[in-house]
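# Structural characterization, general
Read off the chains here:
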Amino acid sequence: MNHYAWTIKYRGHGDVRHVTTLAGLYDVLRALELPGLAPPAFVMSDGEIPDHGHYTHNEGGSDEWSLTWTRIDDTPIAD
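Here the structure is a predicted model, which means the values were calculated and not measured. (Residues numbered from 1 in each chain as written. Predicted model: local features only at pLDDT ≥ 70, side-chain atom pairs only at ≥ 80, totals over all residues. Heavy atoms only, no water.)

## A word on the overall build of the protein chain
Along the backbone of the protein chain there are one helix and four strands. Of all intrachain contacts in the protein chain linking residues separated by at least 6 positions in sequence, the fraction that spans at least 24 positions is 43%. On the protein chain, roughly 5200 Å² of surface is accessible, and the fraction owed to carbon and sulfur atoms is 50%. (Helix = DSSP H or I, 4+ residues; strand = E, 2+ residues; numbered from the N terminus. Contact = heavy atoms within 4.5 Å. Areas by Shrake-Rupley, 256 points an atom, 1.4 Å probe, with all protein chains shown as cover.)

Following this line, the structure appears as structure tokens:
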């Protein structure tokens, strides 16, 4: 199962950084209730998740937020 290191930046809020599966990322996106959030498919390209990428919603607008992600090949080791 692939894991992703990701960061969500939203003006006026602290950065949210985690390493999770895509399902975990989707759960966080839903919980944050970010403005204008479309279904999580926005990170998909031709039905496949890119190994890394960046998405910005409403760039330059008052409700701008962004997501950056990078796939991690191995399951992270728990502390």
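Let's pick the thread back up.
## A closer look at the pattern of salt bridges
Within this structure, the stated rule accounts for four salt bridges. Close ionic contact of D15 with R17 constitutes a salt bridge, the shortest N to O distance being 3.1 Å. Across the pair D51 and R71 runs a salt bridge whose closest N-O atoms are separated by 3.0 Å. Of this pair, D51 sits in the loop between helix 1 (22-32) and strand 3 (52-57) while R71 sits in strand 4 (residues 65-72); the two residues are 20 residues apart in sequence, bridging distant segments of the chain. Here R71 falls in the partly exposed class, since its relative accessible area comes to 26%. (Salt bridge = Lys/Arg side-chain N within 4 Å of Asp/Glu carboxyl O. Buried < 20%, exposed > 50% of the residue type's maximum accessible area, 1.4 Å probe, protein only.)

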